[in-house]
Amino acid sequence: MLIDVITIFPEYLAPAQLSLLGKAAAAGIVRLQVHDLRNWTSDRHRTVDDTPYGGGAGMVMKPEPWGLAIDDLLGAPTRRPQAPEPSPPGQVPGAGAGGSELLEAAGGTGGQGDEVTLVIPTASGNPFDQALAERLAGATRLVFACGRYEGIDARVAEHYRGRDGVAVEELSIGDYVLAGGEVAALVMIEAITRLLPGVVGNAASLAEESHVRPGLLEYPVYTKPAVWRGLEVPPVLLSGHHGKVAAWRDDQARQRTAQMRPDLAG
Ligand code: ADE
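Remember, it's a predicted structure, so these values are computed and weren't measured experimentally. (Residues numbered from 1 in each chain as written. Predicted model: local features only at pLDDT ≥ 70, side-chain atom pairs only at ≥ 80, totals over all residues. Heavy atoms only, no water.)

Engineer: With reference to specific residues and values, describe the side chain of Gln 252.
Structural biologist: Looking at the element boundaries, Gln 252 is found in helix α8 (residues 242-260). Each residue touching Gln 252, except ones within four places of it in the same chain, is listed here: Tyr 219 and Pro 220. (Helix = DSSP H or I, 4+ residues; strand = E, 2+ residues; numbered from the N terminus. Contact = heavy atoms within 4.5 Å.)

The structure is reproduced here in structure tokens:
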């Protein structure tokens, strides 16, 4: 899977080099390219924002740099090289000049043909959930457009929604307002890429966790020692009786869901 992130703060994506996603990149399952939006500006101040039409507080991100950046990335063929390759300045305009490629590895998965999904993180988007993570994990290429300030001029989403071969998803990671789309992109990228075959060591662990069984949270988990600070591990887990363990876990999952997320409990 090829993932591009466009942002005015490329450094925000540095944590993507860590842990699972870093391993996925090293293993050639994911290739993540981070690009600085300001490389698609042409004025001396590298301006990316302006005052909102209609008045109001804050600034809005101008459509032109976004259009140029996204066009360049979409115009570039979906590359799935087998080995890391430097991107010489000018090869992919803007990206070559300033796309700080934080991670680079071979990759490419099937799933949704070669269609590109343009993801625009926004507090006013559709809720991003596990089902969406699973759907996006089937994509070959994702481009994240991370806005700041009051958001990106609405015509950017509108323009690309009308383009052949491009699916546009405006997505929110929760009912709160972040300072920008970068953290939301990181959240989504982690949720999506850990579903790719070979990223999580034990595929069974994916099946059991919260939100995979819709409407049911995960049961509580324990490890050694059997007694810690006077607290005992529930005896059924030490019984070796698989049927009883499964029934107990199911019951705990239901209780926990009712307690923590009554909105999910049926
Ligand atoms: N940008 C600002 N707030 C956001 C949210 N809750 N989800 C996604 N992107 C955002």
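Engineer: Residue-level account of the pairing of strand β6 (residues 141-145), with values.
Structural biologist: Burial within β6 is extensive, with five of its five residues counted as buried. Here β6 shows no split at all, with Arg 141, Val 143 and Ala 145 on one side and Leu 142 and Phe 144 on the other all buried. Pairing between strand β1 (residues 2-7) and β6: five bridges, direction parallel. Opposite Leu 2, over in β6, you have Arg 141 as the bridge partner. One crossover worth recording links strand β5 (residues 116-127) to the parallel β6 by way of helix α4 (residues 130-136), and it is right-handed. (Buried < 20%, exposed > 50% of the residue type's maximum accessible area, 1.4 Å probe, protein only. Pairing = 2+ DSSP bridges. Right-handed = clockwise from strand over helix to strand, strands pointing away.)

Engineer: Tell me what's going on with the pairing of strand β2 (residues 31-36), and back it up with residues and numbers.
Structural biologist: Most of β2 sits out of view: six of its six residues are buried. With burial as the criterion, each face of β2 is covered, one bearing Arg 31, Gln 33 and His 35 and the other bearing Leu 32, Val 34 and Asp 36. Direction of pairing for β1 relative to β2: parallel, over a ladder of six bridges. Opposite Ile 6, over in β2, you have His 35 as the bridge partner. Handedness of the β-α-β unit built from β1, helix α1 (residues 19-26) and β2 comes out right-handed.

Engineer: Account for α8, naming residues and giving values.
Structural biologist: Here α8 contains 19 residues, and its C-alpha end-to-end distance of 26 Å stays within 8% of the 27 Å for a straight helix at 1.5 Å per residue. Inspection of α8 places Val 245, Trp 248, Gln 252, Ala 253 and Thr 257 among the buried residues, and these make up the whole buried set. Viewed along the axis of α8, the buried residues span an arc of 165°, placing them on a single side of the element. (Expected span 1.5 Å × (residues − 1). Arc of directions from axis to C-beta.)

Engineer: Account for unusual backbone geometry, with residues named and values stated.
Structural biologist: A cis amide bond, omega 5°, links Lys 224 with the succeeding residue Pro 225. For Pro 225, the location among the structural elements is in the loop between α7 (203-208) and β8 (227-228). A positive phi angle, close to 55°, is found at Tyr 149, a residue other than glycine. Along the chain, Tyr 149 turns up in the loop between β6 and α5 (155-161).

Engineer: Lay out the site of the ligand in plain terms, naming residues and giving numbers.
Structural biologist: If you check the shell around the ligand, you find Pro 121, Thr 122, Ala 123, Leu 171, Ser 172, Ile 173, Gly 174, Tyr 176, Val 177, Leu 178, Gly 180 and Ala 184 and nothing else. One of the backbone nitrogen or oxygen atoms of Thr 122 is found 3.1 Å away from a nitrogen atom of the ligand. In the environment of the ligand, a nitrogen atom lies 3.1 Å from a nitrogen or oxygen atom belonging to the backbone of Gly 174. Alone, the ligand offers 270 Å² of accessible surface; in the complex the protein occludes 94% of this. Every element with two or more residues in the shell around the ligand is listed here: β5 and β7 (166-172). In terms of residue count, β5 provides more of the shell around the ligand than any other element does, three residues in total. Its residues placed into classes, the shell around the ligand shows eight nonpolar, four polar and no charged. (Near = heavy atom within 4 Å. Polar contact = N/O pair within 3.5 Å; in protein donor to acceptor, adjacent residues only side chain to side chain. Areas by Shrake-Rupley, 256 points an atom, 1.4 Å probe, with all protein chains shown as cover. Nonpolar A, V, L, I, M, F, W, Y, C, P; charged D, E, K, R; others polar.)

Engineer: Explain the sheet that holds β2 to me, using residue names and the numbers behind them.
Structural biologist: Taken together, five strands build an open sheet; the order of strands is β2-β1-β6-β5-β7 and the sheet is parallel. Strand pairing shows two members of the sheet lacking a second neighbour, β2 and β7, which therefore form its edges. With direction set aside, neighbouring strand axes in the sheet form an average angle of 25°. Both β5 and β6 contribute to a ladder of four bridges, which runs parallel. Residue pairing across strands places Val 119 opposite Phe 144, the latter belonging to β6. Running over the sheet, helix α6 (residues 182-193) touches β1, β2, β5, β6 and β7 and is turned about 160° from β6. (Axes fitted to C-alpha atoms, helices over the stretch in contact; angles between N-to-C directions.)

Engineer: An account of the environment of Ala 25 is requested, with residue identities and associated values reported.
Structural biologist: Looking at the secondary structure, you find Ala 25 in helix α1. Considering only alpha carbons, one finds Ala 25 and Thr 193, 168 residues apart in sequence, at a separation of 9.9 Å.

Engineer: Go over the pattern of salt bridges, please, and point to the residues and values.
Structural biologist: Under the definition given, this model contains nine salt bridges. For Asp 71, the salt bridge identified is with Arg 163, shortest N-O distance 3.4 Å. Residue Asp 71 is located in helix α2 (residues 63-75), and its partner Arg 163 is located in the loop between α5 and β7; the two are separated by 92 residues in the primary sequence. What makes Arg 163 partly exposed here is its relative accessible area of 32%. Here Asp 263 makes a salt bridge to Arg 261, at a shortest N to O gap of 2.9 Å. The class of Asp 263 is exposed, set by a relative accessible area of 57%. Exposure remark for Arg 261: the relative accessible area of 30% places this residue in the partly exposed category. (Salt bridge = Lys/Arg side-chain N within 4 Å of Asp/Glu carboxyl O.)

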